[in-house]
Amino acid sequence: MNATARATLLGVRDLHVYLGESHILQGVSFDVREGGVTGLLGRNGVGKTTTLRGILGMVPRTGSVTLDGAEIVGLRTHGVGYVPEDRDVFAGLTVEENLRLAERTGSPLRYDLVYELFPELKVRAGQRAGTLSGGQQQMVSLARALLNAQNRLLLIDEPTKGLAPLVVRNVVEALRRAAQVATILLVEQNLSVAHTLVGDVVVLDQGRVSFTGQVDQLMDDPALARRYLGLATAGSH
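Definitions and cut-offs
- Residues numbered from 1 in each chain as written.
- Predicted model: local features only at pLDDT ≥ 70, side-chain atom pairs only at ≥ 80, totals over all residues.
- Heavy atoms only, no water.
- Pairing = 2+ DSSP bridges.
- Helix = DSSP H or I, 4+ residues; strand = E, 2+ residues; numbered from the N terminus.
- Contact = heavy atoms within 4.5 Å.
- Axes fitted to C-alpha atoms, helices over the stretch in contact; angles between N-to-C directions.
- 1 Å grid on protein atoms, 1.4 Å probe; cavity = no way out; pocket = protein on both sides within 12 Å on 5 of 7 lines; lining within 4 Å.
- Points joined across faces, edges and corners; volume = space filled by probe spheres on them.
- Nonpolar A, V, L, I, M, F, W, Y, C, P; charged D, E, K, R; others polar.
- Core = buried A, V, L, I, M, F, W, Y, C linked by side-chain atoms within 4.5 Å.
- Buried < 20%, exposed > 50% of the residue type's maximum accessible area, 1.4 Å probe, protein only.
- Parallel < 35°, antiparallel > 145°, perpendicular 65-115°, else oblique.
- Polar contact = N/O pair within 3.5 Å; in protein donor to acceptor, adjacent residues only side chain to side chain.
- Arc of directions from axis to C-beta.
- Phe/Tyr/Trp six-rings, centres within 6.5 Å; stacked < 30°, edge-to-face > 60°.

A.B. asks: Explain the sheet that holds strand β1 (residues 8–19) to me, please; I cannot follow it from the model alone.
C.D. replies: Across a sheet, strands are paired by hydrogen bonds formed along the backbone, either parallel or antiparallel in direction. Taken together, four strands build an open sheet; the order of strands is β2-β1-β4-β5 and the sheet is antiparallel. Each edge of the open sheet is held by one strand with a lone partner, namely β2 (22–33) and β5 (70–71). In terms of strand pairing, β1 meets β2 through nine bridges, oriented antiparallel. Its bridge partner being in β2, Val12 is matched across the sheet by Phe30. In the packing of helix α1 (residues 48–56) onto the sheet, contacts are made with β1, β2 and β4 (61–67), and the angle to β1 comes to roughly 110 degrees.

This is the structure:
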């Protein structure tokens, strides 16, 4: 990764989120540089998913979120694709219908790329999404986010969760290719996957940013990995 040539695409400043009585995010601030994959890491329950939802305005929040320097808090989040943790496909609709619903007026569409990455979706275009396997549904979810060429930033939440090892490898390869056409902010609990894909990392702990830096700096240092991710050793994952 070239540490000097990449400008900031996403800027998050002093992001606070309250859910009920709970202060989930407590002044989260970080940058995502354009190009490649930035990892949003941390133990379970520290606010990673809430951070993605806060960026998108899906939960009430205060603070500043900028895309390419322009404030997006309170505005519709054009230019950002979202792959939620639960995949969130329309089970009663076909694969093709799920993709068509993701089409954005005025945005060039990347069907060629989607079908190159996920040829199975073309074969299963007429199949109802609810009858697909978990891995196939994840392909649909990733394809919807990738489809609009205006999506310069993809927010992807635990794309390998619950998937078989072979499917995980396929998803990793798809994300590697996706990162060639869009910047990715990735939440991923599988740390070997994160280490494979990620360049920059942001680590959350109890609703605050506890570490920012390069993934190798974190994962290759057992003391840092233990401190920020709760690992016994960095090399054990």
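A.B. asks: I tried to follow the environment of Ala179 on my own but got confused; where do I start?
C.D. replies: Structurally, the position occupied by Ala179 is in the loop between α6 (165–178) and β8 (183–187). Considered as a pair, Ala179 and Asp216 are 37 residues apart in the sequence and their alpha carbons are 19 Å apart. In this structure, Ala179 is in contact with Gly36, Val37 and Ile184, ignoring residues within four places of it in sequence.

A.B. asks: Teacher, can you tell me more about the layout of surface pockets here?
C.D. replies: Sizing a probe to match a water molecule and rolling it over the atoms shows the empty space that remains. There is about 530 Å³ of room inside the largest pocket. Residue lining of the largest pocket: 21 residues in total, with Gly81, Tyr82, Ala102, Arg104 and Arg144 positioned closest to the centre. Put simply, the parts of the chain that give the lining of the largest pocket at least two residues each are α1, β6 (80–83), α2 (95–102) and α5 (134–147). Among the residues forming the lining of the largest pocket, the class breakdown is nine nonpolar, six polar and six charged.

A.B. asks: Sorry, what's going on with the nonpolar core here?
C.D. replies: A general tendency of soluble globular proteins is for nonpolar side chains to be buried together. Phe118, Ile184 and Leu218 are the most contacted members of the largest nonpolar core, which has 50 residues in total. At seven residues, the largest contribution of residues to this core is made by α5. Apart from the residues lying within four places of it in its own chain, the contact partners of Ile184 are Gly36, Val37, Thr38, Leu154, Ile156, Leu175, Ala178 and Ala179. In terms of nonpolar packing, the next biggest core, distinct from the first, is built from 25 residues, Leu10, Leu15, Leu52 and Val80 among them.

A.B. asks: Sorry if this is basic, but what is going on with the packing of α5 against α6 here?
C.D. replies: Where α5 contacts α6, the two axes come as close as 11 Å, and the packing angle between them is 5 degrees. One finds that α5 runs roughly parallel with respect to α6. Contacts between α5 and α6 pair Gly135, Gln138, Leu142 and Leu146 from the former with Val167, Val171, Leu175 and Ala178 from the latter. Each residue belonging to the contact of α5 with α6 can be placed in one class, and the counts come to six nonpolar, two polar and no charged.

A.B. asks: For this particular structure, what's the right way to read the side chain of Ser107?
C.D. replies: Within the secondary structure, Ser107 is located in the loop between α2 and α3 (111–117). Given the relative accessible area of 8%, Ser107 is considered buried. Within the structure, the side chain of Ser107 is placed 3.3 Å from the backbone nitrogen of Ala149, a separation counted as a polar contact.

A.B. asks: What am I meant to see in the sheet that holds β8 here?
C.D. replies: Spatial ordering of the open sheet is given by β6-β7-β8-β3-β9-β10, a layout of six strands whose pairing is mixed. Taken across any chain shown, the strands that pair with only one partner, and hence form the sheet edges, are β6 and β10 (208–214). Mean inter-strand twist for the sheet, computed between neighbouring axes without regard to direction, equals 15 degrees. Sheet analysis places strand β9 (residues 200–205) next to β10, joined by six bridges and oriented antiparallel. Bridge pairing in β10 links Asp200 to Gln214.

A.B. asks: Even after reading the chapter, I still don't get α2, so can you show me in this structure?
C.D. replies: One full turn of an α-helix is made of 3.6 residues, so residues set three or four places apart face in the same direction. Looking only at α2, the buried set comprises Val95, Asn98, Leu99 and Ala102. The arc enclosing the buried residues of α2, seen along the axis, measures out at 95 degrees, which places them on a common side. Contacts made by the buried residues of α2 are with α3, α4 (119–123) and α5.

A.B. asks: Quick question: what am I supposed to make of the packing of aromatic side chains here?
C.D. replies: Any two aromatic rings considered together are summarised by their centre-to-centre distance and by the angle between their planes. In total, this model carries two aromatic pairs according to the counting rule given. Ring geometry for Phe211 and Tyr228: centres 5.2 Å apart, planes at 40 degrees, overall tilted. Taken together, the residues span a long stretch of sequence, with Phe211 in strand β10 and Tyr228 in helix α9 (residues 222–229) at a distance of 17 residues. Phe211 sits in the buried class, given a relative accessible area of 9%.

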